[in-house]
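For reference, the chains in residue letters:
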Amino acid sequence: MDLSRTLTGFGAALLATALLANPATGAPGDTPSTRDFGNGPERNEIAAVDAAAALSARTLLAEEPASAWSLKSRNGYPRQNTLPVWPDNPEDRSIKLGLIPYHDIAPKLNALQRASDRVSAEIVGKSAGGRDLYLVTVTAPERAGETARQDRWRELIEENPAAAKRDRALRAGYKTPVWINANIHGNEWEGTDGALRVIERLATATDAATKGFLERSRVYVTVTNNPDGRIAGTRANSAGFDINRDHATGSQPESRAVRDVVIGTQPFVMLDEHGYTGTTLIEPATPPHGQNYEYDLYIKHALPNALGMESAIQRLGYPETAAADIPFRDYVPGDWDDWPPIFTPMYAIYHGAIGHTVEIPLRVNNADYTNLPVEELRRRARINTDVAAATIEAALSYADTNRVTLLADQIEQFRRGWAGEASPRIPDGFVPGFGPEDRYSTTFPRAYLIPAGTPAAARLVDHLIANDVRVVRARHDFTVNGNRYRDGTYIVDMHQPKRGLANVLLEAGRDISDLVPQMYDISGWSHGLLWGAGVDASLRTLPRVHTSPVTRAAPTGSVDAPRGRDLSLSLRDGNDVRAVNELLTRGIKLRRTDAGAVVVPADARSEATALAKTLGVRFSAAPRGVKGEVFDQPVIAAAVSADELFALKEMGFPVQTVSTAVLNAGFDLSTVDTLIVSSGLSYTALNATARAAVDAFLARGGGVLTRGATGAAFNAAAKVLPATAVAGRGDANGVVTVTNEGPIVGAGSPPHAFVYSPLWFTGTGFTVEQRYGADPLVAGHWLPAGTGTNGPAQAAGQAAVVSGVTPGGGNAVLFGTEPLFRAHPKGLYAGYARALFWTAG
Ligand SMILES: [Zn+2]
């Protein structure tokens, strides 16, 4: 590790974020070792707009689409498809840079397919904005029988690695799979152009070396993983999501498409082409390394492959490409880590790939895009394209040269999984620079148990299956570790090829605060603790019970009430909320008896039955004679971040998006029930008219729901509740324990929450809904500030979520946690929704 590359400026910026007055996470600069935070200041400062594209992202919570795309086919190669051509778009931001606009990609791929029998192009999914996602496969032509044999071998490697290891024909004839993912960040363009250049060379070269390479290899390229962003010049897709933070959650169609590609193609090596870090950056990464990897099998290839890519960019001969930054070699721990499975290459490692992020060097986006002369932008873009192409060519060369050991090591990864073997201890010096700071490992439990019957359990099981995690279902009741489980309980036997992925999704995670001074992005997540399903780990024992494999979770919905009886629905899951909103949208008169209990009239039974089927929700018989108060669909004005807007739509809430600017332009609050404030709305920045409108809204008893620093600042300035927000360190994030006390959020929420830049509330005159636990941080990274303040010890026992009545008589709820963060903590959705219904009166 080169300790000279310290991060004093960056660390100092993070510490400053402890102040509410400055909620921004450290602003990254152009120096190589800083970076764009996915959860950048924009998340709290720029309110999402309700674009048509975001509307189209509305999906049913219960229905994670099964793999839409599969490599399997009766056909050989090529598999040529005439791709639909998109209309010319002169606004495409690629054009100014001299790069290929999205609308020219399909024609180019169509022409390459016509010109070469080595090129196949197909559509593997649609972006959030509805655009086609292309996969190109380049390989020597195959007859159908040969392709079927490749399919069998690929399956054998995963299903029966011991047999694959013995199979000499496989060893000699299995085509080396390499996957290149380009342009996942839409305004990091040139991966696409570099990849197209490589495709074109492979398609047309006549030399024996290329022909031999294509006989031995399959090159898969997702040409642009983010067409919405490529066209608009944005990092995010048109739903406002950073796709390269979404791989564990799979909330976006772009991340689900590449999930299916990596599972289907099972690459030995993959590159995710990004920009722009000043110097070309090539992973492997710094510690902390994901503790669920078979890291020895990864680093033994990742480091030499990176060195090969570095040599390749040096050979380009530009002063700007004289050296690469290889974080594993050059950076300090925590500077550029591979801890969370939210990034494409880190996610791909769990599927058997040697995954690398590559950052091409020269910035052409954001302010530079606007301010630099076109000639300079195009000069940079040409060099960047050369760098992208050079890294891809070098990785192809590495994969081909090392195909025997790459195959053996992918087999070994899956073999260890099936065998349930401990990952080996990696000795110091295993590769140059490997030291104690690089040593991460875990003890895998023997099994996970997921009791069935709730939409949350079904959602989690479907998600696991979509991620190629094997799940079985008990055929009888059984007992394990002294606990009784019902027939139908889901079991994840951790003796399986992708146990690392199963564990990284289901485990609680780890508090890594003491290990590194800071982290690149999130340090905690947990489908086990945050998705609302019960998940038990059995450390040593696999239950002794007959099981059946599961390809899709069993239906969970039901209407358990006699005909003619009113129905009751408890708001315990986002799908319950969705069902309520669907019923309200249809004009059905619902009543509630408390914040979480909804009564559906008997005459809406057929609608309830249909929703039970599609959403998996359970209606029971309402107590006889129960009254409750009638409520309507809330009219919501929301100054929220894009991920929150997405989650609100997932739950079926109609939302009018607002911001400081929208209110200043005269937005009419007179019909609004609740104002949500978490992003891009500052009371003090409102003009006199808008401020008067907000004051009038509050005075007539309008409801308020806030989240985070922007929300807390609004609460203070607009005098909503007499609660004072105290900020934890700005970069703190992870899974925390909470105790549930209050009647709205507190009644029925899980005992864990997610935080990012956590807050807590002090004062009197409100109700504490949730408190942080006594030792709150379960997993993640949360250090106190240098002065010993703002840490988890200070948050312990403090109010994390509060509710109360405003001076105008409205209801308000303030969140110091992150119940909708990146659409991940799905078990927290219902608590947020209960708050929202309650504030709407
Ligand atoms: Zn990027």
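Residues numbered from 1 in each chain as written. Predicted model: local features only at pLDDT ≥ 70, side-chain atom pairs only at ≥ 80, totals over all residues. Heavy atoms only, no water.

Undergrad: How should the overall build of the protein be read in this particular structure?
TA: The secondary structure content of the protein amounts to 28 helices and 34 strands. The C-alpha atoms of the protein give a radius of gyration of 27 Å, which matches the 28 Å a tight globule of 841 residues would have. When each of the 841 residues of the protein is scored for burial, the buried share is 63%. Considering only contacts within the protein whose residues lie at least 6 apart along the sequence, 79% involve residues at least 24 apart. Approximately 28600 Å² of the protein is accessible, and the part contributed by carbon and sulfur atoms is 53%. For the protein, the distance from the average position of its 82 positive side-chain charges to the average position of its 89 negative side-chain charges is 6 Å. (Helix = DSSP H or I, 4+ residues; strand = E, 2+ residues; numbered from the N terminus. Rg over C-alpha atoms; globule rule 2.2 N^0.38 Å. Buried < 20%, exposed > 50% of the residue type's maximum accessible area, 1.4 Å probe, protein only. Contact = heavy atoms within 4.5 Å. Areas by Shrake-Rupley, 256 points an atom, 1.4 Å probe, with all protein chains shown as cover. Lys, Arg positive; Asp, Glu negative; His and termini not counted. Charge placed at Lys NZ, Arg CZ, Asp CG, Glu CD.)

Undergrad: I'm lost on the confidence of the model for the protein in this one. Help?
TA: Close inspection of predicted coordinates is inappropriate for parts of the model with low pLDDT. Per-chain confidence: the protein averages 93 in pLDDT, with 93% of residues scoring 70 or above. Per-residue pLDDT stays below 50 along residues 1–35; that stretch engages in 87 contacts with residues further than four places along the chain or on separate chains. Below pLDDT 50 for its whole length, residues 52–66 participates in 34 contacts with residues either more than four positions away or in separate chains. (pLDDT = per-residue confidence, 0-100.)

Undergrad: I would appreciate a short explanation of the nonpolar core in the present structure.
TA: Nonpolar side chains in soluble globular proteins generally cluster together in the buried interior. Formed by 145 residues in total, the largest nonpolar core has its most connected members in L109, V136, I450, L464 and V492. With 13 residues, helix α16 (residues 374–401) is the largest single contributor of residues to this core. Ignoring anything within four residues of it in the chain, the contact list for V136 reads L109, V119, S120, A121, I199, V219, Y220, V221 and V223. The next biggest cluster of nonpolar side chains, apart from the first, holds 66 residues, and it includes A604, A753, W760 and A833. (Core = buried A, V, L, I, M, F, W, Y, C linked by side-chain atoms within 4.5 Å.)

Undergrad: What's the story with the environment of A717 in this structure? I'm lost.
TA: With respect to the helices and strands, A717 occurs in helix α26 (residues 708–718). Relative accessible area serves as the criterion here: at 24%, A717 is assigned to the partly exposed category. Sequence separation between A717 and I383 is 334 residues; the distance between their C-alpha atoms is 50 Å. When residues no more than four places from it in sequence are discounted, the contact partners of A717 are Y683 and T684.

Undergrad: What is the right way to look at the side chain of T176 in this model?
TA: Residue placement: T176 occurs in strand β3 (residues 176–182). The contact partners of T176, leaving out residues within four places of it in the chain, are R216, S217, R218, F268, A399 and R403.

Undergrad: Would you mind showing me how to read the UniProt feature "active site" (unreviewed entry) in the protein here?
TA: UniProt tags E359 as "active site" (unreviewed entry). By the secondary structure assignment, E359 is in strand β10 (residues 354–360). Ignoring anything within four residues of it in the chain, the contact list for E359 reads H274, G275, Y276, T277, T279, T280, L281 and W336. Within the local environment of E359, its side chain forms a polar contact with the backbone nitrogen of G275, the two atoms lying 3.3 Å apart. (UniProt positions renumbered as here; feature names shortened; annotations may be inferred. Polar contact = N/O pair within 3.5 Å; in protein donor to acceptor, adjacent residues only side chain to side chain.)

Undergrad: What should I look at first to understand the packing of helix α8 (residues 190–204) against α16 in this one?
TA: At their nearest, the axes of α8 and α16 sit 8 Å apart, and the two run at 55° to each other. By the angle between their directions, the pair α8 and α16 is classed as oblique. The hand of the α8/α16 crossing is right-handed. Residues E190, G191, D193, G194, A195, R197, V198, R201 and L202 of α8 touch α16, and the partners they reach there are A381, N384, T385, D386, A388, A389, I392, E393 and L396. For the contact of α8 with α16, the per-class residue count stands at eight nonpolar, four polar and six charged. (Axes fitted to C-alpha atoms, helices over the stretch in contact; angles between N-to-C directions. Parallel < 35°, antiparallel > 145°, perpendicular 65-115°, else oblique. Left-handed = near helix turned anticlockwise from the far one by under 90°. Nonpolar A, V, L, I, M, F, W, Y, C, P; charged D, E, K, R; others polar.)

Undergrad: In this structure, what is going on with the sheet that holds strand β20 (residues 590–594)? I would like to understand it.
TA: Adjacent strands of a sheet pair through backbone hydrogen bonds, lying either parallel or antiparallel. Ordered by their spatial adjacency, six strands build an open sheet running β18-β22-β19-β21-β20-β23, and the pairing between neighbours is mixed. Each end of this open sheet is capped by a strand with a single partner; those strands are β18 (558–560) and β23 (629–631). When the angles between neighbouring strand axes are averaged without regard to direction, this sheet yields 35°. With three bridges connecting them, β20 and β23 associate as antiparallel partners. Along β23, the bridge assignment pairs L590 with F631. Sitting on the sheet, helix α22 (residues 605–615) touches β18, β19 (567–570) and β22 (618–621), and the angle it makes with β18 is about 135°. (Pairing = 2+ DSSP bridges.)

Undergrad: I keep staring at the packing of aromatic side chains and nothing clicks. Help me out?
TA: Each aromatic ring pair is described using two quantities: the centre-to-centre distance and the angle formed by the ring planes. The final tally for this structure, using the stated rule, is 21 aromatic pairs. A centroid spacing of 4.9 Å and a plane angle of 35° characterise the contact between Y293 and Y350, whose relative ring orientation is tilted. Highlighted residues: Y293 in the loop between β7 (286–289) and α12 (295–315) and Y350 in the loop between α14 (344–349) and β10, separated in sequence by 57 residues. The pair formed by Y293 and Y350 is uniform in burial state, with each residue classed as buried. (Phe/Tyr/Trp six-rings, centres within 6.5 Å; stacked < 30°, edge-to-face > 60°.)

Undergrad: Where do I start with the coordination of the zinc ion in this structure?
TA: Ideal geometry at a metal centre: 109.5 degrees between donors when four sit tetrahedrally, and 90 or 180 degrees when six sit octahedrally. All of the protein donors around the zinc ion are H185 (ND1), E188 (OE) and H274 (ND1); their distances to the metal are 1.9 to 2.0 Å. Considered as a linear motif, the donors of the zinc ion on their single chain read H-x2-E-x85-H. Of the two residues, H185 sits in the loop between β3 and α8 while H274 sits in strand β5 (residues 269–275), which places them 89 residues apart along the sequence. (Donors = N, O, S within 2.8 Å, 3.2 Å for Na, K, Ca; no water.)

Undergrad: Teacher, can you tell me more about the sheet that holds strand β15 (residues 490–493) here?
TA: The strand order β16-β11-β15-β12-β17 describes an open sheet built from five strands, whose pairing is antiparallel. The sheet is open, and its two borders are formed by β16 (536–538) and β17 (547–549), each paired with just one other strand. Each strand of the sheet is rotated relative to its neighbour by a mean of 30°, with strand direction disregarded. Pairing between strand β12 (residues 472–474) and β17: three bridges, direction antiparallel. Of the residues in β17, the one forming a bridge with V472 is P549. The strands that helix α18 (residues 455–466) touches are β11 (447–450) and β15; relative to β11, the one it contacts most, it runs at about 140°.

Undergrad: Please clarify how unusual backbone geometry should be interpreted in this entry.
TA: Keep in mind that most residues, glycine aside, have a negative phi and that most peptide bonds are trans. Here G275 and Y276 are connected by a cis peptide whose omega angle stands at 0°. Among the secondary structure elements, Y276 is positioned in the loop between β5 and β6 (280–282). For the bond running from P287 to P288, omega is -5°, close enough to zero to count as cis. Mapped onto the elements, P288 comes out in strand β7. We note that D468 has phi near 70°; this positive angle belongs to a residue other than glycine. Inspection of the secondary structure assignment puts D468 in the loop between α18 and β12. What makes D468 buried here is its relative accessible area of 17%. Look at R822: it is not a glycine, yet its phi comes out positive at around 50°. Here R822 shows up in the loop between β34 (811–815) and α28 (829–839). A residue is classified by how much of its surface remains accessible, and R822, at 11% relative accessible area, is buried.

Undergrad: Just to check I follow, could you spell out the pairing of β34 for this structure?
TA: Within a regular strand, side chains alternate between the sheet's two faces. Where burial is concerned, most of β34 is hidden: five out of the five residues are buried. Direction of pairing for strand β33 (residues 799–805) relative to β34: antiparallel, over a ladder of five bridges. Note on β34: the bridge partner recorded for V801 is F815. Between the end of β33 and the start of β34, which pair antiparallel, lie five residues, with G809 showing a positive phi angle near 90°.

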